[in-house]
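Listed below, chain by chain, are the residues.
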Amino acid sequence: MSSSFPWLTALVVLPLLGAVALWVLPSAGRNRTRAVALGVATAELLLAVGALLAFDTSSAGQYQLVETHGWIPAFGVSYAVGVDGVGLSLVLMSVLLVPLVVLAAWREQGSVAEATDRLRRYLALVLVLEAFIVAVFSARDVFFFYVLFEAMLIPVYFMIGGFGGAQRRYAAVKFLLFGLAGGLIMLVAVIGVYLQGPRGPQGFLTENLTGLTIDPTLEKWLFLAFFLAFAIKAPMFPVHTWLPDAAEQAPVGTSTLLVGVLDKVGTFGMLTLCLPLFPSAARWAAPVIIVLAVVSILYGALLAIGQKDLMRLIAYTSVSHFGFIVLGIFAFTSTSIAGSSFYMVNHGLSTGALFLVAGYLVARRGSQQIADFGGLQKVVPVLAGVFLVSGLSALSLPGLSTFVSEILVLVGTFARHPAASVVASLGVVLAAIYVLWTYQRIFTGPVRDDLASTPDLVGREKWAVAPLLALMIVFGFLPGPALDLVRPPAQVTLEQVGVTDVPASATAAEGSDR
Amino acid sequence: MSDFTAPTVAWAQLSPVLIVLLAAVVGVLVEAFVPAARRRAVQLGLSVVALAGALVAVAALWSGVSDDGGTAVLGGSLIVDGPTLVLQGTLALLALLALLVVVDRTETGEDAFAPSASSVPGSEYEELARRKGVEQTEIYPLLLFATGGMLIFPAAGDLLTLFVALEVLSLPLYLLTGMARRRRLLSQEASMKYFLLGAFTSALMLFGIALVYGYSGSLRYSTIADATQEASGLDGLLLVGSVLILAGLLFKVGAAPFHTWTPDVYQGAPTPITGFMAACTKVAAFGALLRIVYVVLPGLDWDLSVVLWTVTILTMVVGTVGALVQTDMKRVLGYSSIAHAGFILTGVVALNQAGLTAVLFYLLVYGAATIGAFGVVWLVRERSVQPDGSAGAVLGEASHLSQWAGLGRSNPALALVFALFLLSFAGIPLTAGFAGKFAVFSAAIEGGAWPLALIGVLSSSAAAFFYVRIIVLMFFTEPAGSPEAEGAAAAEDGASGLPLDVPAAQVPAEQPATALAVEVRAAATTTTTVVGTEGFAAVAIAVCAAATVILGVAPSWLLELIGGVAQFLP
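Residues numbered from 1 in each chain as written. Chains lettered and ligands numbered in written order. Predicted model: local features only at pLDDT ≥ 70, side-chain atom pairs only at ≥ 80, totals over all residues. Heavy atoms only, no water.

- By the naming in an unreviewed UniProt entry, chain B goes by NADH-quinone oxidoreductase subunit N and is assigned to Cellulomonas chitinilytica.
- In the Sequence similarities (unreviewed entry) part of its UniProt record, chain B is described as follows: "Belongs to the complex I subunit 2 family."
- Under the heading Catalytic activity (unreviewed entry), UniProt records this for chain B: "a quinone + NADH + 5 H(+)(in) = a quinol + NAD(+) + 4 H(+)(out)". (UniProt positions renumbered as here; feature names shortened; annotations may be inferred.)

- In the annotation of an unreviewed UniProt entry, chain A is listed under the name NADH-quinone oxidoreductase subunit M and assigned to Cellulomonas chitinilytica.
- Taken from UniProt, the Sequence similarities (unreviewed entry) comment for chain A reads in full: "Belongs to the complex I subunit 4 family."

Here is the structure:
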């Protein structure tokens, strides 16, 4: 095992090279677009597995696979990457989703028979985005993180604006403006925190900015600027309004990456930047944030119940789920933080599966309106089954991995904020309503004549969701390996915030109404 | 009668200025003595040699200045220190790039300038000059004179030199503005506006100089700076005088509320000249402004900061909001240059070492992207369509935004490069514009001006909207008149916010038609094309694009280079 091999840099560079290869592909080789894209994405996945093997799980709380090089010493900026257990699991989740998205895009952009230029450009953007995603989850330099945080907007903007639905330009612009506004306000705080630190050519390294003594008032402002950017990205109530529009208009693969992966950057940022850099401000703001998180859970779920558009519905369920993640992070117990970290991975799997399956439905019917479906259960049993399992993962059915993380968040939160935990668990009830009612409307009832000849899933489509469902079931019964990755970082985070852990007692576990 | 003692002149330190001004004088002689057929080649060679020579001279002076901090020459009238050299180097480089765009001619041998600028637009005489292929090679000496003035402007060590340099750089620009080959009336109107407003601010500035002289009894910067430290009971004179001088400089950089000329002049001037003006004038004027604020008036920062803060905020907001509602590419870039003046001002207001370095860096980065962007605008042309549908002659710039639709399909490389410049203007990470913005904003926060930085980032995010709108237009919108566009026009959503219909001016007035027919013909009379040229502009654009990428990914070496010498001589 070569410990010096730059795993993370390789993970960043490989998809970039793939994107360039797709872009310059000679016209003779253009019918190989899909093969090239899928090959690169699969190689990336294998590379990430290699990184996992090189990662020492027994010390998952420390940053590993570290690389540090000066980038712009005049600004104090370094190219610094490294992952702890949370970062690595998110990287793995992301690179797992990309090949599936590539598979799903097969038919989405252009016909099956010919690989169009459109498809080629789209897949090149997906690979560029993948490189940014890996880099952002492994960035150990606040400035580097910020650069990626902003640069990610551009490929997604083009993916929505160039390849989306009828209102795509409106959705793309709204997405971009929300993202830029949050990011630029964060930029002021990024500079602000740098000036509080030791400065010098490595002044932006996260470890050099952790544990500073900052004037309390200033610290609160800096924290708020960072938090606002992350809350927009996550997205939390009340700055979530861009997400339903973006998810409704974006191509399905883009929605999968956007909601499943990119939005995690928000919660990931809260966990790895907001808490360590501004611990006392985080403690100061926690009560309000917990209230907002609970509001997000209930509000997102209620709005999901009221949606007529399938994609918007999934987007609102995510607002609800992100509420849980934020709740767990700001409850400051090791159980809840570990639960939130695991939740981020599971939500990627669950929402990814939901978006992909919803994409199959939409591709068959040509409509995103739930009312346009009905009685499909008998026509397409496999599709119905896959949808049901994905949906059940969204409502955290025991036996699926989402259950593990949700119960950890609720139990961990109960130890410190019983009321918030109890109210939040209402979200689970609402989740049952929106999932099962949607299933009922789409798949049960009499078979509609215009849907009677709908084809069931083909092999490619099955392969694109099967890994997600399999992983959710595996982690549902055997969460141990994944939890080993996220538990130690949660302890580290708690120490940085300076809060004593409240162990989740047996009574607390009973208190959550499962 | 005392004996005349010849002053000692440090010729070496003056060499960048002297080379350019001497070449300009020789250029005038070339006009008189070289036969018309060979003038262009001679003038071109002379100009390139002069500007490259100035660049070499700056490089030769560099090590000396970085060792001893620079010297005052001509008895203190000119100060050759670190910032002067950085600015002169930037100016020479940008002027050279701008020159490449200026000299370029289309395949049919047309440059951007009127064949006979003195003739009445549309007259028989003009038509004759056009048919004879007359060229106004006077533009080269004019360009060199303007550059010479700009080289002196930031180096000036007393107020009179400052004023003379201002006039030397302004007068050729007034002329050049009025010499566009196409849209002659618009060009002449722009020239007139620029001249009148410029003359007015020159007068204001001169009045300010007189008031400051009345206060301090000297025109020399260092003496004035000393005088501001002592209370004399004439503070009113000093305050009003310095505000008037600042107003004159802020007019040149295009800061609100002295910005009103910018969009009109940028639109009317020949596009290559707009690029030159937008980049180089801004560099020179900010250089002079920096010296005044940092060296002459630091004792007044308490009183003047109100003025500067107001101007900065107003400039950023006016530039951004103004650009949002434009439909002409050159006007969009004009308003964006106003917004950029605001961003640069935040670095000026920071009043610290980091601010000085940041502003110098920003000026180079902004100048490169600006020349590149106007170079692209110059290449994107209207082409008339013959009645039978075949392509006709190449006309003027296709400056209306709607005409840029679909450029990403027909000319992906050019559209990509233009998108790069726009992203740099927007300050997206990994472009040079981001490094520049980061530098000025961090300097401002360090200097305690964080509200300015906050307004700066907010207006940046608003500004990103219109830059990105152009990118969307180039890559995702079908060109007007194409079959796809007919259907898409109906489905067009409100996201782009603004109507982008083809301007009515393009419709030939003499053809009677129903409203519907006019609409169809408006789309059919011209198409948008990228004109083939001799290739000079392409070289300049490529260099600018390379600089934008390189300084975006690795700005460190240049920042260190500038930071090492960024110290004003008192």
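A few points about the overall build of chain A
- Along chain A, the regular secondary structure elements total 22 helices and two strands.
- For 514 residues, the compact-globule formula gives about 24 Å, and the C-alpha radius of gyration of chain A, at 22 Å, lands near that figure.
- For chain A, the spread of C-alpha atoms along the principal axes amounts to about 70 × 60 × 45 Å.
- Counting every atom, chain A has about 16800 Å² of accessible surface; 66% of that belongs to carbon and sulfur.
- Taking the 28 positively charged and 28 negatively charged side chains of chain A as two groups, their mean positions are separated by 8 Å. (Helix = DSSP H or I, 4+ residues; strand = E, 2+ residues; numbered from the N terminus. Rg over C-alpha atoms; globule rule 2.2 N^0.38 Å. Areas by Shrake-Rupley, 256 points an atom, 1.4 Å probe, with all protein chains shown as cover. Lys, Arg positive; Asp, Glu negative; His and termini not counted. Charge placed at Lys NZ, Arg CZ, Asp CG, Glu CD.)

A few points about the confidence of the model for chain A
Residues and elements named next belong to chain A.
- Mean pLDDT over chain A: 83, with 95% of residues reaching 70 or higher.
- For chain A, the element scoring lowest by mean pLDDT is helix 22 (residues 506-511), at 42; helix 13 (residues 279-306) scores highest, at 90.
- Here residues 506-514 is modelled with pLDDT under 50, and outside its nearest four sequence neighbours on either side it reaches 13 contacts, counting other chains as well. (pLDDT = per-residue confidence, 0-100. Contact = heavy atoms within 4.5 Å.)

Here's the deal with the pairing of strand 4 (residues 391-397) of chain B
All names here are of chain B.
- Judged from the three bridges that link them, strand 3 (residues 380-385) and strand 4 form a sheet pairing that is antiparallel. In the sheet register, Arg383 faces strand 4, and the bridge partner there is Val394.
- Where strand 3 folds back onto strand 4 in an antiparallel hairpin, the turn is made up of five residues, including Gly389, whose phi is positive at roughly 95 degrees. (Pairing = 2+ DSSP bridges.)

Quick word on the environment of B:Val240
- With respect to the helices and strands, the residue B:Val240 is situated in helix 9 (residues 235-253).
- C-alpha separation for the pair B:Val240 and B:Val212, spaced 28 residues apart in sequence, amounts to 8.3 Å.

Some words on the environment of B:Phe343
All names here are of chain B.
- Note on placement: Phe343 falls in helix 13 (residues 329-349).
- Phe343 sits in the buried class, given a relative accessible area of 1%.
- The spatial distance from the C-alpha of Phe343 to the C-alpha of Ile470 is 21 Å, given a sequence separation of 127 residues.
- Filtering out sequence-adjacent residues up to four positions away, Phe343 remains in contact with Met316, Tyr362, Lys437, Val440, Phe441, Gly456, Ser459 and Ser460. (Buried < 20%, exposed > 50% of the residue type's maximum accessible area, 1.4 Å probe, protein only.)

A look at the packing of aromatic side chains
- For the coordinates displayed, the defined rule picks out 40 aromatic pairs over all chains.
- Seen from their ring centres, A:Phe223 and A:Phe227 are 5.8 Å apart, and the 15 degrees between their planes marks the pair as stacked. One end of the pair, A:Phe223, and the other, A:Phe227, are both in helix 9 (residues 216-233), four residues apart, so they sit about a helical turn from each other.
- The exposure class assigned to A:Phe227 is buried, which follows from its relative accessible area of 9%.
- For the ring pair B:Tyr366 and B:Phe425, a centre distance of 6.1 Å and an interplane angle of 50 degrees mean the geometry is tilted. Linking B:Tyr366 in helix 14 (residues 353-379) with B:Phe425 in helix 16 (residues 412-426), this pair joins segments that are 59 residues apart in sequence. Accessibility classification places B:Tyr366 together with B:Phe425 in one group, the buried group.
- Pairwise contacts between aromatic rings join A:Trp71, A:Tyr79, A:Phe143, A:Phe144, A:Tyr146, A:Tyr194, A:Phe204, B:Phe434 and B:Phe438 into one cluster.
- The side chain of A:Arg441 reaches across the aromatic face of A:Trp437, ending 3.8 Å from its centre. (Phe/Tyr/Trp six-rings, centres within 6.5 Å; stacked < 30°, edge-to-face > 60°. Lys NZ or Arg CZ within 6 Å of the ring centre and 35° of its normal.)

Comments concerning the state of the cysteines
Residues and elements named next belong to chain B.
- This structure, assessed with the given rule, holds zero disulfides over all chains.
- Cysteine Cys280 shares no disulfide, and the gap to the nearest cysteine sulfur, in Cys544, comes to 10 Å.
- Its relative accessible area of 0% is what places Cys280 among the buried residues. (Disulfide = S-S within 2.5 Å.)

Considerations on the interface of chain B and chain A
- In this complex, chain B contributes 34 residues to the contact, which on the side of chain A involves 33 residues.
- Around 3000 Å² of area is buried between chain B and chain A when both sides are counted, 81% of it from carbon and sulfur atoms.
- Run the count over chain B and chain A and you get zero salt bridges.
- On inspection of chain B and its partner chain A, the count reaches one residue pair in polar contact (both at pLDDT 80 or more).
- Split by residue class, the side of chain B that touches chain A holds 24 nonpolar, six polar and four charged. (Buried area = accessible area lost by both parts, 1.4 Å probe. Salt bridge = Lys/Arg side-chain N within 4 Å of Asp/Glu carboxyl O. Polar contact = N/O pair within 3.5 Å; in protein donor to acceptor, adjacent residues only side chain to side chain. Nonpolar A, V, L, I, M, F, W, Y, C, P; charged D, E, K, R; others polar.)

Observations concerning helix 1 (residues 7-24) of chain A
- A rise of 1.5 Å per residue sets the reference length of helix 1 of chain A, with its 18 residues, at 26 Å; its end C-alpha atoms lie 26 Å apart and thus fit the reference within 8%.
- Buried within helix 1 of chain A are the following residues: A:Trp7, A:Leu8, A:Thr9, A:Ala10, A:Leu11, A:Val12, A:Pro15, A:Gly18, A:Ala19 and A:Leu22. (Expected span 1.5 Å × (residues − 1).)

Here's the deal with the pattern of salt bridges
- This structure, assessed with the given rule, holds 15 salt bridges over all chains.
- Here B:Glu31 and B:Arg39 are joined by a salt bridge, their closest N and O atoms 3.7 Å apart.
- Between B:Arg291 and B:Asp81 there is a salt bridge; the shortest N-O distance is 3.0 Å. A residue pair is termed long-range when its members are at least 10 positions apart, and B:Arg291 in helix 11 (residues 271-296) and B:Asp81 in the loop between strand 2 (78-80) and helix 3 (82-103) qualify at 210 residues.
- The class of B:Asp81 is buried, set by a relative accessible area of 0%.
- Through salt bridges that share partners, A:Lys174, A:Asp245, A:Glu248 and A:Arg312 make up one connected network.

Digging into helix 6 (residues 159-177) of chain B
- Here helix 6 of chain B contains 19 residues, and its C-alpha end-to-end distance of 27 Å stays within 8% of the 27 Å for a straight helix at 1.5 Å per residue.
- Put simply, B:Asp158 is the residue that caps the front of helix 6 of chain B, since its side-chain oxygen is 3.1 Å from the backbone nitrogen of B:Leu160.

Topic: the packing of helix 7 (residues 184-216) of chain B against helix 10 (residues 261-268) of chain B
Residue and element names in this part refer to chain B.
- It is the contact of helix 7 with helix 10, at a shortest axis distance of 8 Å, that shows an interaxial angle of 145 degrees. In the packing of helix 7 onto helix 10, the handedness of the crossing is left-handed. Contacts from Leu186, Ser187, Ala190, Lys193, Tyr194 and Leu197 in helix 7 reach Trp261, Asp264, Val265, Gln267 and Gly268 in helix 10.
- Looking at the contact of helix 7 with helix 10 residue by residue, the class counts come to six nonpolar, three polar and two charged. (Axes fitted to C-alpha atoms, helices over the stretch in contact; angles between N-to-C directions. Left-handed = near helix turned anticlockwise from the far one by under 90°.)

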